Amino acid sequence: MSLQLDFPAVLERWPSFLAGAVLTLELAFFATVLGALLGTLAAVGRGTHNSLIAGACKVYVETIRNTPLLVQIFLVYFGLASLGLKYSAFTVAVAALTINVGAYTAEIMRAGFEAIPRGQIEAAEGLALSRFQIYWHIILLPAVEKVYPALTSQFVLLMLASSVCSQISAEELTAVANYIQSDTYRAFETYIIVAVLYVILSLVMRAGFWGLGLLLFPRRRRLGTPL
Amino acid sequence: MGGHLNINHLMFLGQGALWTIGLSLIALIGGGIVGFVIALARISPLKSVRLASAIYVQLIQGTPLLVILFLGYFGIAAIGLKVSPLVAAGASLTLYVAAYLGEIWRGCIQSVPKPQWEAAEGLALSRTQRMVKVILPQAIRIATPPTVGFMVQIIKNTSLASVVGFVELMRSGQIVNNSLFEPFAIYAIIAVTYFAMCYPLSLFSQRLERRMGRGRSNLAPA
């Protein structure tokens, strides 16, 4: 048992690590924005009276939540290919991550919608607000405010899960690590560095979401309620 | 690139599915034991123990499982031991599951109502007695639905063990695909198999949650 670590040999590849980390953040950013939209739509869809739409949204959410991301990524990757559509690994990765996080977002948003007291919607109707106004001001924004902490941890988990995209050769952080370790034969050191980078990325994301929360929800900032 | 999906392929996939269940159980039991220790350490009266366990949880929860698997696989090799994919995957998943279950269970232990802790103290129970006889029996009830829910995550996450060469369901699908090259059909079968394993657990977890909710609303009508 002799453990010899040689970090400098791996650390001199820092530009590649940096590029990988940037791509990981890009993946996370696009999937978060698109996934939030998709998830909100699915949550709204599940609440409609149209049983066809509600059923379709339920099938989508349950299917995604009960299968591994790795399988979903391969299905999207090979599914698009078998339809004759050719996209870059990055595009496929964003698509798969969006579909994945959309389902989780939908569940969180549904919980937020259900937490809106019925009386508030009735009051808004009594004040003659339009349907759109009710949806935006009375349901959506307060619901987001309620579930904001759950949403943000889901998005941090998404950033970590984007590591799986290395399996379809999207050049994000884990793929960079796989390449560097096969080049330097310094696997343990490489993955230690990458693990540290992921911890830093997740702390940065948490801090970013905390700041964004302060900006988005001034009411909470004034009340001093922690997000 | 030859032949069609036949019974032998399906048998092979079935074997992979059994290994997925096996690896999930290893991760659940190993992670459960370590996670229980983590949960207790997180509420320890000693500040250093609390801090150390909090750092452990933060580090694991800030690292993707894929990287933890690689660390386990190459780390065991780096200290000069022979690695089998089963050991590497089992150890990595144990560490990973422990961090999450530890946090879930800490929350459950702490959500046992405060008067219960005070009453136990008032009855002059020792710290161990209070935990074993008063707090844990109630915490287990609270912890059941989220733990069953997390088992779904464990099953799904074992699919990542394929990257270190452990032949579970995902890896056996990749192997079958290498000989048949019908990726879409094979991964669809894999997806359906995972769904068949996970969905009953999801439903069970939801049902437990609803039952708990009923019990609680009976106690304290809102």
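Chain B goes by Polar amino acid transport system permease protein in an unreviewed UniProt entry, where it is assigned to Bradyrhizobium yuanmingense. Listed under Sequence similarities (unreviewed entry) in UniProt, the entry text for chain B is "Belongs to the binding-protein-dependent transport system permease family. HisMQ subfamily."

By the naming in an unreviewed UniProt entry, chain A goes by Polar amino acid transport system permease protein and is assigned to Bradyrhizobium yuanmingense.

Which residues make up the overall build of chain B, and what values go with them?
Secondary structure summary: chain B contains eight helices and zero strands in total. Walking chain B from its N terminus toward its C terminus, one meets helices and strands in the order α-α-α-α-α-α-α-α. Judged by the C-alpha coordinates and their principal axes, chain B covers about 75 × 50 × 25 Å. Within chain B, contacts between residues separated by at least 24 positions form 75% of all contacts whose residues are at least 6 apart in sequence. Here chain B displays about 11200 Å² of accessible surface, and carbon together with sulfur accounts for 68% of that area. When the 17 positive and 6 negative side-chain charges of chain B are each reduced to one mean point, those points stand 6 Å apart.

An account of unusual backbone geometry is requested, with residue identities and associated values reported.
Note: most peptide bonds trans; most residues except glycine with negative phi. Of note, Ala128(A) is a non-glycine position whose phi angle comes to about 65 degrees, a positive value. On the secondary structure map, Ala128(A) appears in the loop between helix H6 (118-126) and helix H7 (131-161). We classify Ala128(A) as exposed; its relative accessible area is 65%. Even without a glycine there, the phi angle at Ala124(B) is positive, about 60 degrees. With respect to the helices and strands, the residue Ala124(B) is situated in the loop between helix H5 (114-122) and helix H6 (127-157). The class of Ala124(B) is exposed, set by a relative accessible area of 65%.

Help me get a handle on the interface of chain B and chain A, residues and values and all.
Taken residue by residue, the interface counts 36 residues in chain B and 35 residues in chain A. Summed over both sides, the interface between chain B and chain A buries roughly 3100 Å², with carbon and sulfur atoms accounting for 74% of that surface. At the junction of chain B and chain A, the tally comes to four residue pairs in polar contact (both at pLDDT 80 or more). Contributing elements (two or more residues each) for the side of chain B that touches chain A: helix H2 (47-61), helix H3 (65-78), H6, helix H7 (169-180) and helix H8 (183-219) of chain B.

Account for the layout of surface pockets, naming residues and giving values.
Residue and element names in this part refer to chain A. Estimated volume of the second largest pocket: approximately 850 Å³. Together, 28 residues line the second largest pocket, and Ala 36, Val 144, Leu 151, Phe 155 and Leu 216 are the ones closest to its centre. Partitioned by chemical class, the residues of the lining of the second largest pocket number 22 nonpolar, four polar and two charged.

Outline a nonpolar patch on the surface, supporting the account with residue identities and numerical values.
A cluster of nonpolar side chains, Leu18(B), Ile21(B), Leu25(B), Ile29(B), Ile33(B) and Val34(B), forms an exposed patch at the surface whose accessible area comes to about 550 Å². Relative to the helices and strands, Ile33(B) is located in helix H1 (residues 7-42).

So, the UniProt feature "domain: ABC transmembrane type-1" (unreviewed entry) in chain A: which residues are in play, and what are the values?
Within this structure's numbering, the places UniProt gives as "domain: ABC transmembrane type-1" (unreviewed entry) are residues 21-209 of chain A. As a span, residues 21-209 of chain A carries 83% helix and 0% strand, and end to end its C-alpha atoms are 18 Å apart.

Please give an account of the UniProt feature "transmembrane region" (unreviewed entry) in chain B that cites residues and values.
The sites that UniProt annotates as "transmembrane region" (unreviewed entry) are residues 17-41, 53-76 and 184-204 of chain B. Across residues 17-41 of chain B one finds 100% helix and 0% strand; the C-alpha atoms that close the span lie 35 Å apart.

Quick rundown of the UniProt feature "transmembrane region" (unreviewed entry) in chain A? Include the residues and the values.
Residue and element names in this part refer to chain A. Following the UniProt record, the feature "transmembrane region" (unreviewed entry) maps to residues 20-44 and 190-217 here. Secondary structure over residues 20-44 splits into 100% helix and 0% strand, and the C-alpha atoms at its two ends are 35 Å apart. Across residues 190-217, helical content stands at 96% and strand content at 0%; the span's end C-alpha atoms are separated by 40 Å.

Help me get a handle on the nonpolar core, residues and values and all.
In terms of nonpolar packing, the biggest core is built from 116 residues, with Phe17(A), Ile109(B), Met170(B), Ile190(B) and Tyr194(B) touching the most fellow members. The residues contacting Ile190(B), other than those within four sequence positions of it, are Val71(A), Leu13(B), Leu169(B), Met170(B) and Gly173(B).

Which residues make up the pattern of salt bridges, and what values go with them?
Residue and element names in this part refer to chain A. On inspection of all chains with the given rule, the structure shows nine salt bridges over all chains. The partner of Arg 46 in a salt bridge is Glu 107, and the shortest N-O contact between them spans 2.9 Å. Here the residue Arg 46 occupies a position in helix H2 (residues 14-47), and Glu 107 occupies one in helix H5 (residues 89-114), the gap between them amounting to 61 residues. Grouping residues by exposure puts Arg 46 and Glu 107 together as buried. In this structure, Glu 114 and Arg 110 form a salt bridge, with 3.6 Å as the shortest nitrogen-oxygen distance. On the criterion of helical spacing, the pair formed by Glu 114 and Arg 110 is a turn pair, its members being four residues apart in helix H5. Of the residues examined, Arg 110 reaches a relative accessible area of 27% and is grouped as partly exposed. One connected set of salt bridges, linked through shared partners, spans Arg 46, Glu 107, Arg 110 and Glu 114.

Residues and numbers for the confidence of the model for chain B, please.
All names here are of chain B. On average, residues of chain B carry a pLDDT of 91, and 95% of them reach 70 or more. Considering each helix and strand of chain B separately, the mean pLDDT is smallest for H8, with a value of 85, and largest for H2, with 96. A low-confidence stretch, residues 217-222 stays under pLDDT 50, and its non-local contacts, those more than four residues away or across chains, total zero contacts.

Thresholds applied
Residues numbered from 1 in each chain as written. Chains lettered and ligands numbered in written order. Predicted model: local features only at pLDDT ≥ 70, side-chain atom pairs only at ≥ 80, totals over all residues. Heavy atoms only, no water. UniProt positions renumbered as here; feature names shortened; annotations may be inferred. Helix = DSSP H or I, 4+ residues; strand = E, 2+ residues; numbered from the N terminus. Contact = heavy atoms within 4.5 Å. Areas by Shrake-Rupley, 256 points an atom, 1.4 Å probe, with all protein chains shown as cover. Lys, Arg positive; Asp, Glu negative; His and termini not counted. Charge placed at Lys NZ, Arg CZ, Asp CG, Glu CD. Buried < 20%, exposed > 50% of the residue type's maximum accessible area, 1.4 Å probe, protein only. Buried area = accessible area lost by both parts, 1.4 Å probe. Polar contact = N/O pair within 3.5 Å; in protein donor to acceptor, adjacent residues only side chain to side chain. 1 Å grid on protein atoms, 1.4 Å probe; cavity = no way out; pocket = protein on both sides within 12 Å on 5 of 7 lines; lining within 4 Å. Points joined across faces, edges and corners; volume = space filled by probe spheres on them. Nonpolar A, V, L, I, M, F, W, Y, C, P; charged D, E, K, R; others polar. Patch = residues over 30% accessible without salt bridge, like charges linked within 9 Å, V, L, I, M, F, W, Y side chains within 5 Å. Salt bridge = Lys/Arg side-chain N within 4 Å of Asp/Glu carboxyl O. Core = buried A, V, L, I, M, F, W, Y, C linked by side-chain atoms within 4.5 Å. pLDDT = per-residue confidence, 0-100.

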